[in-house]
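# Observations on the three-dimensional arrangement
The residues making up each chain are set out below.
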Amino acid sequence: MMKFKNILSESYGLENEYKVKLPYIRVFNILSKNNIKGDDIKGAFNFIKNNIGVPNHENSIIVTLYNKNYRPDGEYNNIKDDQWVIPSDMEKDEWERALGEYFDVSPFMFEQLTSKNKYYKPLIDLYQGNTNRPTKLISNVQIFRYETIVKEAENEIRYRIDDEGWEYFSSSFLEKYIDINMDTAEYNAEQMVEEEWNNYLNKKSELKLSTKEAMIEDLGLVDEYYDWKEQIDEYRNDIKELKKEKQTLEHKSDKVYREMSNISLNIETLSDTVDYGDDEEEYYSMYDSDINDLTNKLNRYESIYEEINSEIDYIDTQLNELTAKYDDIYLDFEVYDDDNKFKSLYKERRMEKILEDIEDDPLEYIWDSGLTIDAAIEEDLIYLDEVRAISDAVKSDGPAYFLNLNDEYTDEFGYQDDYYFIIINLE
C-alpha cells in the first residue's frame, strides 16, 4: 500500500467517472504486472483496496474501466483517447443502478442471479453490519420498488385479517379508523333510554318526585331545575298567601255586608212604623233617635265595607301580576313538572349524551354491546376504514415487520425519482 499511496492523487475531484485518466492507466499497468485479468473483478478491486487505498466508489470505477479495456499484452500506455472503451451506467438495468447508488459503487459491480425475484450478487466484497450485529460479508441482495413491497405487506395484512379478524391489530391502534353508524347508534340509544325510563318508573304509572329529581341529576340539569323550582315555589307560596288573605277579607266583607243588610232592614222597619203610627208626631220622635243611630252605624259599616273591598281589589291586582309572572316562568319549568314533557326532555337529553359518549369512545360502545370489532362491523354498529388502517400500519411499522423480515437486513432508499426496498442476505 505504501508503494502506491500517491498514485491517484491527481485524479480526485474530476466529474466524468468513466473517463480514463493517466493515474488510472498507471493502475491498469500495475494490475497487469500482477497478473490480474480484466474479468477478475474481485481480485482487481481487492488489490487496489489493499495496496492503493482508493475509496470503494472510485475503486469500482477503475475496476470497471480495467474490465472494459483489458489487454492481455498489458500495453496501456500508447492507447489513444478515442480508442478507450467508455462504459455507461445505462448499460446496466434499473436495479443494478439503484444498488450501485445504495452501496456507493459502480453498478457494474453486480450481476443478476434471477430476474423473477430481482436477486443480485455483488462481484466484490461488500459487508453489512451495525452496532447490534457483527459485520458480515454480503452474499446477495434482493431489490424491489418500495411501492411493490408495500403492496405485498398490505396484502399480507389482509390475509391475516381474513384469518384472525381485526383482533390482529390492537384495539387502541384501530380506534382512530372506526366511524360510528349513526343510524344504528340512534336506534340503540333510543332503546337504551326507553329501558332506563321504564326502570325509573319501576312499573308505576307516575314518577315520584325523588325519582324524577334523580333523573334530572343524571341529565346534568339539576342546577337549572332547582333554580326554576325555587322561583316557582316562591310564586306559588306568594299566590297562596294572597289567596288566603283575599279569602279572609271576602269573609269579612260578607259579614259586614250581612250586618249592613240587617241595619238597613231595621231602619226600613222603623221608618214604616212611623208612617203608620196613630200619633205621628209623638211616635216619630220616639224612633227618630234610633233611626239616626242605625243610619250612622250603617254609614260606618259601608265605609268598612268599601275599605275591605278596596283591599280585595288590590290583592286581585297583585294576584293577576304574580299569576302572569308565574305563568311565564312555568313555561320553562313545565318541562320538569309535566311527566309527559319531562319524558320527552329526558329521552332527548339522554340520547344526546349516549350518542356523544359513543362518538367519544367507540371501543367502549363495542364492548358494552358485547361484541368484537369484527362482529360490530357485521352488525352495522361501526364502519372501519380498512384501506387507511392497513396503509398506516405499514407506514408505522414498515413492510419488513409484516413480511416477517425482521431478522433480515432490510433498508429503504431513494434513487433518482423512485424509492426502493432491499433485502440483504449475508453469508
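Provided above is the structure to which this section pertains.
Now for a description of the structure that goes with this document.

Moving on, we get to the nonpolar core. Core analysis: the largest hydrophobic core is formed by 74 residues, its most contacted members being Ile157, Trp166, Phe169 and Phe342. A per-element tally of this core places helix H10 (residues 280–337) first, with 14 residues.

A separate point is the environment of Ser88. Position of Ser88 among the secondary structure elements: in the loop between helix H3 (56–68) and helix H4 (94–103). Taking the C-alpha atoms as reference points, Ser88 and Ser106, 18 residues apart in sequence, are found 9.9 Å from one another.

Attention now moves to the pairing of strand S4 (residues 136–145). The sheet contact formed by strand S2 (residues 119–122) and S4 spans two bridges and is antiparallel. From the neighbouring strand, Tyr119 faces S4, where its bridge partner is Gln142. Sheet topology places strand S3 (residues 127–128) next to S4; two bridges connect them, and they run antiparallel. Residue pairing in the sheet places Tyr127 in a bridge with Leu137 of S4. Both S4 and strand S8 (residues 418–426) contribute to a ladder of seven bridges, which runs antiparallel. Counterpart to Asn140 in the pairing with S8 is Asn425.

Moving on to the packing of helix H1 (residues 22–33) against helix H2 (residues 41–51). Packing of H1 against H2 brings their axes to within 11 Å, and their N-to-C directions diverge by 115°. Classified by the angle between their axes, H1 and H2 sit roughly perpendicular to one another. Crossing geometry of H1 relative to H2 is assigned as right-handed. Contacts between H1 and H2 pair Val27, Ile30 and Leu31 from the former with Ala44, Phe47 and Ile48 from the latter. Residue composition of the contact of H1 with H2, grouped by class: six nonpolar, no polar and no charged.

Analysis parameters
Residues numbered from 1 in each chain as written. Predicted model: local features only at pLDDT ≥ 70, side-chain atom pairs only at ≥ 80, totals over all residues. Heavy atoms only, no water. Core = buried A, V, L, I, M, F, W, Y, C linked by side-chain atoms within 4.5 Å. Buried < 20%, exposed > 50% of the residue type's maximum accessible area, 1.4 Å probe, protein only. Helix = DSSP H or I, 4+ residues; strand = E, 2+ residues; numbered from the N terminus. Pairing = 2+ DSSP bridges. Axes fitted to C-alpha atoms, helices over the stretch in contact; angles between N-to-C directions. Parallel < 35°, antiparallel > 145°, perpendicular 65-115°, else oblique. Left-handed = near helix turned anticlockwise from the far one by under 90°. Contact = heavy atoms within 4.5 Å. Nonpolar A, V, L, I, M, F, W, Y, C, P; charged D, E, K, R; others polar.

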